[in-house]
Amino acid sequence: MNQPSAGPAGADTFLAVCSHTHLFPGARCRVQGLPDASAFAADPWPVELRLRLSDDVVTEAELRTEDGPGPVLAVPAYTTGAGTAIDPRTWLIREFSRAGDDVELTIGGHAEP
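Small disclaimer: the values here were computed from a predicted structure and weren't measured. (Residues numbered from 1 in each chain as written. Predicted model: local features only at pLDDT ≥ 70, side-chain atom pairs only at ≥ 80, totals over all residues. Heavy atoms only, no water.)

Draft legend 1. Layout of the sheet that holds strand E4 (residues 58-64). Around the barrel, which closes on itself, the 7 strands sit in the order E1-E2-E9-E8-E5-E4-E3 with mixed pairing between neighbours. Strand after strand, the sheet turns through a mean of 35° between neighbouring axes, direction not considered. Sheet topology places strand E2 (residues 28-31) next to strand E9 (residues 102-110); 4 bridges connect them, and they run antiparallel. Looking across to E9, one finds that Cys29 is bridged to Leu105. (Pairing = 2+ DSSP bridges. Helix = DSSP H or I, 4+ residues; strand = E, 2+ residues; numbered from the N terminus. Axes fitted to C-alpha atoms, helices over the stretch in contact; angles between N-to-C directions.)

Printed below as a string of structure tokens:
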């Protein structure tokens with residue numbers, strides 16, 4: 001399948017709206033603005049994300065699909081709106097599903113380092 005470039009020339013950052021102030025197994029985030037949500041849900045490719053958490057904190061993240069145990073979401077350390085420090089984590093993605101024009105990611109467990 002022909003996928004958009006993940007390199008610097010074709011790099012885009014997409015907004016992912018998350019339903020909680022932090023991620024955990026079962027948490028969901030909706031990725032908005034993808035050029036082809038159906039294709040992405042069926043066969044995801046690497047993208048840069050801006051996670052907007054439920055307390056309006058925004059942090060960068062990276063969806064990786066090459067090698068390893070499967071697709072993962074790498075999230076750097078950030079602080080919640082209430083001041084809780086969240087350590088950097090890499091999460092397995094349990095499921096990608098189409099949700100209207102968006103793609104919903106369901107977080108699985110922690111990926112091995």
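Draft legend 2. Fine view of the packing of aromatic side chains. With the rule as written, the count across this model stands at 2 aromatic pairs. Judged by centre distance (4.9 Å) and plane angle (85°), the ring pair of Phe40 and Trp45 falls under edge-to-face. By relative accessible area, Phe40 is classed as buried at 0%. Ring geometry for Phe40 and Phe96: centres 6.0 Å apart, planes at 75°, overall edge-to-face. Taken together, the residues Phe40 in helix H1 (residues 37-42) and Phe96 in strand E8 (residues 89-99) connect sequence positions 56 residues apart. (Phe/Tyr/Trp six-rings, centres within 6.5 Å; stacked < 30°, edge-to-face > 60°. Buried < 20%, exposed > 50% of the residue type's maximum accessible area, 1.4 Å probe, protein only.)

Draft legend 3. Representation of the environment of Ala77. Examined against the element boundaries, Ala77 turns out to sit in the loop between strand E5 (72-75) and strand E6 (78-79). Taking the C-alpha atoms as reference, Ala77 lies 4.6 Å from Asp87; in sequence the two are 10 residues apart.

Draft legend 4. Up close: the side chain of Thr106. Position of Thr106 relative to the elements: it lies in strand E9. Among the residues examined, Thr106 registers a relative accessible area of 2% and is labelled buried. The residues touching Thr106, leaving out its near neighbours within four places in the chain, are Gly26, Ala27, Arg28, Leu92, Ile93, Arg94 and Glu95. (Contact = heavy atoms within 4.5 Å.)

Draft legend 5. The pairing of E9, seen in detail. With 7 of its 9 residues buried, E9 lies for the most part within the structure. Of the pairings in the sheet, the one linking E8 to E9 comprises 7 bridges and is antiparallel in character. In the strand pairing of E9, Ala99 is matched with Asp102. The turn linking E8 back onto E9 is made up of 2 residues, and Gly100 within it adopts a positive phi angle of 65°.

Draft legend 6. Spatial organisation of the pattern of salt bridges. Taken as a whole, this structure holds 4 salt bridges when the rule is applied. Here Arg30 makes a salt bridge to Glu104, at a shortest N to O gap of 3.7 Å. Pair noted here: Arg30 is in strand E2 and Glu104 is in strand E9, with a separation of 74 residues, a long-range link. Because the salt bridges share partners, they merge into one network encompassing Arg28, Arg30, Asp102 and Glu104. (Salt bridge = Lys/Arg side-chain N within 4 Å of Asp/Glu carboxyl O.)

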